[in-house]
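Geometric and topological summary
As a plain string of letters, each chain reads:
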Amino acid sequence: MKRYFIGLLLVGFAGSAWSQEAGPVKWMSFEQALEKSKTEKRKIFIDVYTDWCGWCKVMDKNTFSEASVAKVLNEKFYPVKFDAEQTGDVQFDGRTFKFIPQGNNGVHELAAALLNNQLSYPTVVFLDEDFKMIQPLAGYQKAPEFHRIIQFIGEDHFKKMKWSEFQTVYKSPYPEAANGPGR
């Protein structure tokens, strides 16, 4: 019994050390990402959310908290959390983006621009190193599927191959996804 308990403790410590190694996503503001890009070019990943969005909270809890997802976001992107209803101005690309009140809430002009005026939450947006749109992606994404997407974009596979081809070579870090097609 004592050996069993010690074994469980060791497994627990090893698991916690592994998850701390990847760590949580190191979220930053849009302005911080722009500033960091001046010294080291990276793609920018933007999670466009609202405080009232239930699926945004589920994605925070179930997708962004996954160690494999956090590792790719932290290493390949500057990960940004952007509240689509924030009221502060944002300077970007020679323009000042402002909050526009509408009804009970409103929308930030930058969120509308990033989402091509398709205000759906959650939506994640990928910008290249020169702040040009790669792809917006609307809707909740589970961690295994999302990991595949961020690797495809984060490692520049999208420049060399089609999505269908990438799915045949992609190696999932999620054991439960290993027996599906292209995983």
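Residues numbered from 1 in each chain as written. Predicted model: local features only at pLDDT ≥ 70, side-chain atom pairs only at ≥ 80, totals over all residues. Heavy atoms only, no water.

In this section: unusual backbone geometry. The step from tyrosine 121 to proline 122 runs through a cis peptide bond, and the omega angle for that step is -5°. Positionally, proline 122 belongs in the loop between helix 5 (109-114) and strand 7 (123-127). In this model, asparagine 116 sits at a positive phi of 50°, which is unusual for a non-glycine residue. Topologically, asparagine 116 is positioned in the loop between helix 5 and strand 7. (Helix = DSSP H or I, 4+ residues; strand = E, 2+ residues; numbered from the N terminus.)

Further remarks concern the nonpolar core. Counting 25 residues, the largest nonpolar core has Phe30, Ile46 and Val48 as its most contacted members. Residue assignment for this core shows that the elements contributing at least two residues are helix 2 (30-39), strand 1 (43-49), strand 2 (77-83), strand 3 (90-92), helix 5 and strand 7. Element by element, the count of residues in this core is highest for strand 1, at four residues. Among all residues touching valine 48, those that are not within four sequence positions of it are Phe82, Ala84, Ala111, Leu114, Leu115, Tyr121, Pro122, Thr123 and Val125. Counting 20 residues, the second largest nonpolar core, distinct from the first, contains Phe64, Val69, Phe126 and Phe152. (Core = buried A, V, L, I, M, F, W, Y, C linked by side-chain atoms within 4.5 Å. Buried < 20%, exposed > 50% of the residue type's maximum accessible area, 1.4 Å probe, protein only. Contact = heavy atoms within 4.5 Å.)

Our focus in this paragraph is the pairing of strand 5 (residues 99-102). Summarising the sheet, strand 5 and strand 6 (residues 105-108) pair through four bridges and their orientation is antiparallel. Across the sheet, the residue bridging to phenylalanine 99 is histidine 108, located in strand 6. Here strand 5 folds back onto strand 6, and the loop between the two strands holds two residues, one of which, glycine 103, carries a positive phi near 55°. (Pairing = 2+ DSSP bridges.)

Let us look at the side chain of threonine 123. Its location among the elements puts threonine 123 in strand 7. Of the residues examined, threonine 123 reaches a relative accessible area of 3% and is grouped as buried. Within the local environment of threonine 123, its side chain forms a polar contact with the backbone oxygen of serine 120, the two atoms lying 2.4 Å apart. In this view, threonine 123 contacts Ile46, Asp47, Val48, Leu115, Pro136, Leu137 and Ala138; residues no more than four positions away in its chain are not counted. (Polar contact = N/O pair within 3.5 Å; in protein donor to acceptor, adjacent residues only side chain to side chain.)

A few words now on the environment of aspartate 89. When you line up the elements, aspartate 89 lands in the loop between strand 2 and strand 3. In the structure, aspartate 89 is positioned 21 residues away from leucine 110 in sequence and 9.1 Å away in space, judged by C-alpha atoms. A distance of 3.0 Å separates a polar atom in the side chain of aspartate 89 from a polar atom in the side chain of lysine 98.

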